[in-house]
Each structure stands twice: as C-alpha cells, then as structure tokens.
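# Structural overview
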Amino acid sequence: METRVALAELRISPRRVVRWKLARRDTPHAYQRNDYDVDSAKGCFCDAAALPHLDLSGLDTEAKEALHEDLMWSIPHGDQLLDPATGLNVAVFDSGAGDGSYRTYVGYDDTGRVARLVTSFRLFEAAWAKASPSQVPAEA
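First, a word on scope: everything that follows refers to the structure included in this document.

Turning our eyes to something else, we now look at the side chain of Ser95. Among the structural elements, Ser95 can be located in the loop between β6 (88-94) and β7 (100-108). Not counting residues up to four positions away in its chain, the partners in contact with Ser95 are Val38, Ala41, Lys42, Gly43, Tyr102 and Phe121.

Let us look at the nonpolar core. Formed by Ala8, Tyr36, Val38, Phe45, Phe93, Tyr102 and Phe121, the largest nonpolar core amounts to seven residues. In terms of nonpolar packing, the next biggest core, distinct from the first, is built from five residues, Ala50, Leu82, Leu88 and Val92 among them.

Turning our eyes to something else, we now look at the sheet that holds strand β4 (residues 42-46). Spatially, the three strands line up as an open sheet ordered β4-β6-β5, and their pairing is antiparallel. Bordering the open sheet on either side are β4 and β5 (78-83), each of which pairs with just one other strand. Sheet twist, expressed as the average angle between the axes of neighbouring strands with direction ignored, equals 30°. Where β5 and β6 come together, five bridges link them in antiparallel fashion. Note on β6: the bridge partner recorded for Leu81 is Asn89.

Quick look at the environment of Gly112 now. Mapping Gly112 onto the fold places it in the loop between β7 and β8 (114-120). Accessibility expressed as a relative area gives 43% for Gly112, which makes it partly exposed. Between the C-alpha atoms of Gly112 and Val17, which are 95 residues apart in sequence, the distance is 9.4 Å.

A complete count under the given rule lists zero disulfides for this structure. As a non-bridged cysteine, Cys44 has Cys46 as the owner of its nearest cysteine sulfur, 4.6 Å distant.

About the thresholds
- Numbering of residues begins from 1 in every chain and follows the order in which that chain's sequence is written.
- Totals for whole chains, interfaces and linings use every residue, but because this is a predicted model, local features are given only for residues with pLDDT of at least 70 and side-chain atom pairs only at 80 or more, for both listing and counting.
- Side-chain measures were taken over the full set of non-hydrogen atoms in the model, leaving aside hydrogen atoms and water.
- Strands are runs of DSSP state E lasting at least two residues, helices are runs of H or I lasting at least four, and both sets are numbered from the N terminus onward.
- Note on definitions: a residue-residue contact is assigned when non-hydrogen atoms from the two residues lie within 4.5 Å.
- We define a nonpolar core as any set of buried Ala, Val, Leu, Ile, Met, Phe, Trp, Tyr and Cys residues linked to one another through side-chain atoms lying within 4.5 Å.
- In this scheme, a residue with accessible area under 20% of its type's maximum is buried, one over 50% is exposed, and one in between is partly exposed, where area comes from a 1.4 Å probe on protein chains only.
- Note on pairing: two strands pair once DSSP finds at least 2 bridges between them.
- The axes are straight lines fitted to the C-alpha atoms, using for helices just the contacting stretch, and the angles between their N-to-C directions are given from 0 to 180°.
- Disulfides are defined as pairs of cysteine sulfur atoms found within 2.5 Å of each other.

Here you go:
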C-alpha cells in the first residue's frame, strides 16, 4: 500500500486556530506568490536563519551532494538538525504526489498571532474535483 503525505503542519503554538489565510511571498513574479515549487519530492519548513545552511551555491560538488543526500533522501520526513550549537533545524517531509507547486496556509489564533502553517499537497483537491459540488468543503 502506498502512503502519501496530504498535508504538512508546523505547530507554532498550542492555541486553537480561528482564521486561515493563504501564505503569500513577496516576489515580483505573480506565479510564485501563492505556491512554492518542489523539484525533489520533498518540502520543508524552516526559519529564515536556516537558509544560509541550505544555500548550495558556495559549496563544492561533493559537499552539495552530501547536503542534498542528508536533507532530501536520508529521511522520509522529520527534523534535520543544521546547527547543534543553536538547535537550528529544518522540518523535511514528502510532498504528496511528488514534484509540483503547493500552497501553504497560515493559521491565526484569537489574538491574531500565527499558530500553524499547513502546506496542502493537493491530494484532497484532486479527490474533491471528482466529487459532486455538495461534497466539496466550502473555502475558509
């Protein structure tokens, strides 16, 4: 039996989500504002401080391959520690049906603070497209 990840959730707070909003990126390219592209069948959540650790441009070929192997293939999903001194990590997960473009939603608590991030790998949307209109959930 094949297992696929339909949603990836990062719980920032234990508080209950009362409102969801589509995450948008500040980019001049309209096609990149709502989705992020996956080209390795993996997605991730990380702090902006982790980005320099994930930048492959300054590494030699062997180091790039080692980092790619560690982050993308050695674990199917889970926490990858980038810097033991600070605890900086990246949460890596399989991306639903594999490569593609996916959306992340931000969940806010009743004080207006971010409580969750959820990426949808569009597995439910594919099923909903085959369902009758009365079976499709209303947009949040």
